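Each chain, letter by letter, is given below.
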Amino acid sequence: WLDKRRIKQATSGRRGQPMAENAKRKHIANCKMFFNAAKRRGLIQGNPFEAQVSGTEANRSRDHFVTLEDTAKLLEAAPDAQWRLLISLWRLAGLRKMEVFSLTWGDVLWTDGKLRVRSQKTAHKDGCEMRYVPIRDVRQYLEDAFQAALPDRQRSLPNDAKIITRFSPTNNNLDKPFGKIIEAAGMIPWPKRFQNLRASCETQW
């Protein structure tokens, strides 16, 4: 029921490239769900996607471990205090790419040595709305960013003031400037740049 052009579009990713295997399986899983719903309502007798493989598999070919030595090179190549803090939060504190944008200075519990992190990804799960991570490895970068953010002749910032102000959650251009930092550090940009930073932190912990 689909012509060749539409079939090609349905199995292609961005810019006409072949769709990744897990992406295909995800689409098949959605088709299974829709047709099963139609079957339960008596609209059709069978599900044409029932025998199709739809379970996703872990793709380890894009994994990359960012060593502490490489992290030091990235921090040295970073252009300012906020970029150094971003890199340290992703790699040394294990934050997700977008979690950094919800951080406020009130979330930094200096005395307790902890950082309160709100997670939209797991907010729907009971008890997973937020978590605490140690700041021992990122304290220096937090302090540097704090000092850089202080207005003239002031010694404090409001608790609700955002920590990261250079970018916003709606900014989709983090990959490009981070890629330049990676290259400036003498490295080749790796796949899943932000996810692999967090995964490297988890592996190290």
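Read on for a plain summary of the structure. (Residues numbered from 1 in each chain as written. Predicted model: local features only at pLDDT ≥ 70, side-chain atom pairs only at ≥ 80, totals over all residues. Heavy atoms only, no water.)

Some words on the nonpolar core
By size, the foremost hydrophobic cluster in this structure holds 41 residues, and its most contacted members are Leu74, Trp83, Leu89, Leu95, Leu115 and Phe178. Elements supplying a minimum of two residues to this core: helix H3 (68-77), helix H4 (81-91), strand E2 (114-118), helix H5 (139-149), helix H6 (175-184) and helix H7 (193-204). (Core = buried A, V, L, I, M, F, W, Y, C linked by side-chain atoms within 4.5 Å. Buried < 20%, exposed > 50% of the residue type's maximum accessible area, 1.4 Å probe, protein only. Helix = DSSP H or I, 4+ residues; strand = E, 2+ residues; numbered from the N terminus.)

Details of the packing of aromatic side chains
The tally for this structure, following the rule as stated, stands at nine aromatic pairs. For the pair Trp83 and Trp90, a centre-to-centre distance of 6.2 Å together with 70° between the ring planes defines the contact as edge-to-face. For the pair shown, Trp83 and Trp90 are each scored as buried. Between Trp105 and Phe146, the aromatic rings sit 5.1 Å apart at their centres with planes inclined by 85°, giving edge-to-face as the arrangement. Remark: Phe146 occurs in helix H5 and Trp105 occurs in the loop between H4 and strand E1 (108-109); sequence separation between them is 41 residues. For Trp105, a relative accessible area of 4% translates into the label buried. (Phe/Tyr/Trp six-rings, centres within 6.5 Å; stacked < 30°, edge-to-face > 60°.)

Comments concerning the sheet that holds E2
Here three strands make up an open sheet; going across it, the order is E1-E2-E3 and the pairing antiparallel. For this open sheet the edge positions go to E1 and strand E3 (130-134), each flanked by a neighbour on one side alone. Inspection of the sheet shows E2 paired to E3 by five bridges, in the antiparallel sense. In the strand pairing of E3, Leu115 is matched with Val133. (Pairing = 2+ DSSP bridges.)

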